[in-house]
Amino acid sequence: MSQEQQEKVVFVGTIASSSALDQLNVFKGFISVENGKITKIGSTAEYNSRETSNELSGYKKVILHQNQLLIPGFVDCHTHAPQFPNIGLGLDRPLLEWLDKYTFPLESKYVDVNFAKKIYEQVVQRLIKNGTTTACYFGTLHLEGTLQLVECIIKYGQRALVGKVSMNVKNDANYYNETENELNEVETFIQKVMGCKNNLVAPVVTPRFAVSCDETLMKGLSEIADKYNCRIQSHISENRKEVEYVLSTNPDCRNYSEVYDKHYILNNKCIMAHAIYLDEDEISLFATKGVSIAHCPASNTRLKSGLCPVRKLLNNHITVGLGTDVSGGDSATILDAMRRTMDVSTHLELLENMGPALNFKEVFYLATLGGAKALRLDDKIGSFEIGKEFDALIVDVYTNGGQIDQYEYSMDENEEHYLLDLLQRFIYLGDDRNIRQVYVKGRKVKDLS
Ligand code: GUN
Ligand code: ZN
């Protein structure tokens, strides 16, 4: 356990945290943290009175300055750690071609555990640097390689869900597993991750998608998820050709979701990436079963997959979080996913009358509490609430060397606007240079201060 976790720390300054899609709270005040958990939250006046009465004498104090913000850590609901070496490559191809030509050949290399370790070390550090305190990862087919990813996550102190990818349908790259072997390896993987006894990392059952997994495998995986009470993650309805192919190989199913539902994959611990072309029946099935969606705007655009109607999904009571989906996505940062979510939503408003477009407050929610809800971690993280674990970022909006210039120097005129503008500018223009400190369960995992 690190020093920070044991210490009592009080953070004082401007705090921003969402409690719902339409409920953003920005205020000046304090948060006290003990053993990684939030114990008190209050206003500046309450902080001052506690200071006066010496209540905070045992606390280490972290005082933010006027252009800094304390916000919850970002949640990346969908990314492929092994695909980082391909970031920015092959994006002129549609999904199924891109998988065959670029992705499966790269993922095959993770049979080499040393290669896996080298790449995963970089990936985990990159995400932490960009403020991703929680990530939901796809690994590869390989048991040992994916355990290397778990090791790196534990080493650098990130919170994560990690899946060993399951596939048993032959492809050109010969990248698949025999069914029985695959099911055995998934169980071993789950047991090993659970055996780490690290309360920040959990396994997630990961059938790649209906194109790569036959009925026997999907059924077996849903039984394993049930046995170990694990989450399940997969892809759905990302690309028109993919949907056509899945329907042609499953003629008894009326839609893509039925293919998964038939094998008990869809439940309230299931996170599906993309979900661009769901029909009305599928949307209500997702809502009834409590299936979450990881919205991945970067890869949806880069691979020309389509425009996901996130507003419509939210209006239909589906839980949505954001995913970077590297390397279909060309950016590993959730700040970029927030901006692209706004862009896609604006295009849908302009072209399809599917507005109003999501605004910066709403995408901030999706990047934090929305993501935590999608991963069923909102009892622990996603917002600042007493009893939750302290996953947080200290952001310096006008930091030296950053992208954001300061034209307005005073918060005297309208303090509320000044504070909201700090957050707004960070969301539209910020990058890793603005993220000065990152905390996961009270432990400092990045420090530029
Ligand atoms: N569908 C199945 N596998 C993948 C993948 O690796 N990336 C994306 N974007 N879609 C997929
Ligand atoms: Zn993906």
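The rules behind each value
- Residues numbered from 1 in each chain as written.
- Chains lettered and ligands numbered in written order.
- Predicted model: local features only at pLDDT ≥ 70, side-chain atom pairs only at ≥ 80, totals over all residues.
- Heavy atoms only, no water.
- 1 Å grid on protein atoms, 1.4 Å probe; cavity = no way out; pocket = protein on both sides within 12 Å on 5 of 7 lines; lining within 4 Å.
- Points joined across faces, edges and corners; volume = space filled by probe spheres on them.
- Nonpolar A, V, L, I, M, F, W, Y, C, P; charged D, E, K, R; others polar.
- Helix = DSSP H or I, 4+ residues; strand = E, 2+ residues; numbered from the N terminus.
- Buried < 20%, exposed > 50% of the residue type's maximum accessible area, 1.4 Å probe, protein only.
- Contact = heavy atoms within 4.5 Å.
- Polar contact = N/O pair within 3.5 Å; in protein donor to acceptor, adjacent residues only side chain to side chain.
- Near = heavy atom within 4 Å.
- Areas by Shrake-Rupley, 256 points an atom, 1.4 Å probe, with all protein chains shown as cover.
- Sits in = over half its atoms within 2 Å of the grid points.
- Axes fitted to C-alpha atoms, helices over the stretch in contact; angles between N-to-C directions.
- Left-handed = near helix turned anticlockwise from the far one by under 90°.
- Donors = N, O, S within 2.8 Å, 3.2 Å for Na, K, Ca; no water.
- Tetrahedral: all angles 85-135°; square planar, octahedral: opposite > 155°, others 65-115°.
- Core = buried A, V, L, I, M, F, W, Y, C linked by side-chain atoms within 4.5 Å.
- Domains from an automatic or database assignment.
- Pairing = 2+ DSSP bridges.
- Right-handed = clockwise from strand over helix to strand, strands pointing away.

## Quick word on empty space enclosed by the protein
A water-sized probe rolled over the atoms picks out the places where empty space is left. Applying the stated criterion across every chain, the model contains two cavities of 30 Å³ or more. His80, Gln83, Leu95, Trp98, Leu99, Arg208, Phe209, His235, Glu238, His274, Leu303 and Asp325 together form the lining of the largest cavity. Looking at the second largest cavity, its volume works out to about 60 Å³. Lining the second largest cavity are His295, Cys308, Pro309, Val310, Arg311, Thr341, Val344, Ser345, Leu348, Met354 and Leu358. Considering only residue class, the lining of the second largest cavity consists of seven nonpolar, three polar and one charged.

## A closer look at the environment of Ser222
One can find Ser222 in helix H7 (residues 215–228). Residue classification places Ser222 among the buried positions, given a relative accessible area of 7%. Sequence spacing of Ser222 and Tyr156 is 66 residues, and the spatial spacing of their C-alpha atoms is 31 Å. When residues no more than four places from it in sequence are discounted, the contact partners of Ser222 are His263, Tyr264 and Ile265. In this structure the side chain of Ser222 is engaged in a polar contact, spanning 2.9 Å, whose partner is the backbone oxygen of Lys219.

## Observations concerning the site of ligand 1
Taken together, His80, Gln83, Leu95, Trp98, Leu99, Arg208, Phe209, His235, Glu238, His274 and Asp325 form the complete shell of residues around ligand 1. At 2.7 Å from a nitrogen atom of ligand 1 is found a side-chain nitrogen or oxygen belonging to Glu238. Between ligand 1 and Asp325 there is a distance of 2.8 Å, counted from a nitrogen atom to a side-chain nitrogen or oxygen. For ligand 1, whose unbound accessible area comes to 280 Å², protein coverage reaches 100%. Comparing atom positions with the cavity grids shows ligand 1 to sit within the largest cavity. Broken down by element, the shell around ligand 1 gets its largest block of residues, three residues, from helix H3 (residues 95–108). For the shell around ligand 1, the per-class residue count stands at four nonpolar, four polar and three charged.

## Let's talk about the packing of helix H4 (residues 113–129) against helix H5 (residues 143–156)
Relative to each other, H4 and H5 sit at 35°, their axes nearing to 8 Å. The handedness of the crossing between H4 and H5 comes out as right-handed. Listed contacts from H5 to Val113, Ala116, Lys117, Tyr120, Glu121, Val124, Gln125 and Ile128 of H4 are Glu144, Gly145, Gln148, Leu149, Cys152, Ile153, Lys155 and Tyr156. Considered class by class, the residues forming the contact of H4 with H5 number nine nonpolar, three polar and four charged.

## What about the coordination of the zinc ion (ligand 2)?
Within the first shell, the zinc ion (ligand 2) binds the protein through His78 (NE2), His80 (NE2), His235 (NE2) and Asp325 (OD), at distances of 2.0 to 2.4 Å. Here the zinc ion (ligand 2) is ringed by four donor atoms whose angles at the metal span 91 to 166°, and the overall shape comes out irregular. Read from N- to C-terminus, the donor residues coordinating the zinc ion (ligand 2) fall into the pattern H-x1-H-x154-H-x89-D. One end of the pair, His80, is in strand S6 (residues 74–80); the other, Asp325, is in the loop between strand S14 (320–322) and helix H13 (334–352), with 245 residues separating them in the sequence. For His80, a relative accessible area of 2% corresponds to the buried category.

## Section: the nonpolar core
With 114 residues, the main nonpolar core has Ile71, Phe74, Tyr137 and Tyr260 as its most contacted residues. Looking at this core, you find at least three residues from each of domain 1 (3–72 + 383–447) and domain 2 (74–374). Residue contacts for Tyr260: discarding those within four places in its chain leaves Phe209, Ala210, Met218, Ser234, His235, Ile236, Ile265, Leu266 and Met272.

## Side note on the pairing of strand S10 (residues 201–207)
For S10, the buried fraction is high: six of the seven residues fall into the buried class. Judged from the three bridges that link them, strand S8 (residues 159–163) and S10 form a sheet pairing that is parallel. Counted as the bridge partner of Leu161 is Ala202 from S10. In this structure, strand S9 (residues 165–166) lies alongside S10, joined through two bridges in parallel fashion. Within the sheet, the bridge partner assigned to Val165 lies in S10 and is Thr206. Viewed along the sheet, the connection from S9 through helix H6 (residues 179–195) into S10 turns out right-handed. Bridging between S10 and strand S11 (residues 231–236) involves two bridges; their strand directions are parallel. Across the sheet, the residue bridging to Val204 is Arg231, located in S11.

## A closer look at the pairing of strand S15 (residues 392–396)
The element S15 is extensively covered by neighbouring structure, given that five of its five residues are classed as buried. Neither face of S15 is exposed, since Ala392, Ile394 and Asp396 on one face and Leu393 and Val395 on the opposite face are all buried. Alignment of strand S5 (residues 68–72) against S15, held across five bridges, turns out to be antiparallel. The partner of Pro72 across the bridge, within S15, is Ala392. As paired strands, S15 and strand S16 (residues 435–440) are joined by four bridges and run antiparallel to one another. Bridge assignment links Ala392 to a residue of S16, and that residue is Tyr439.

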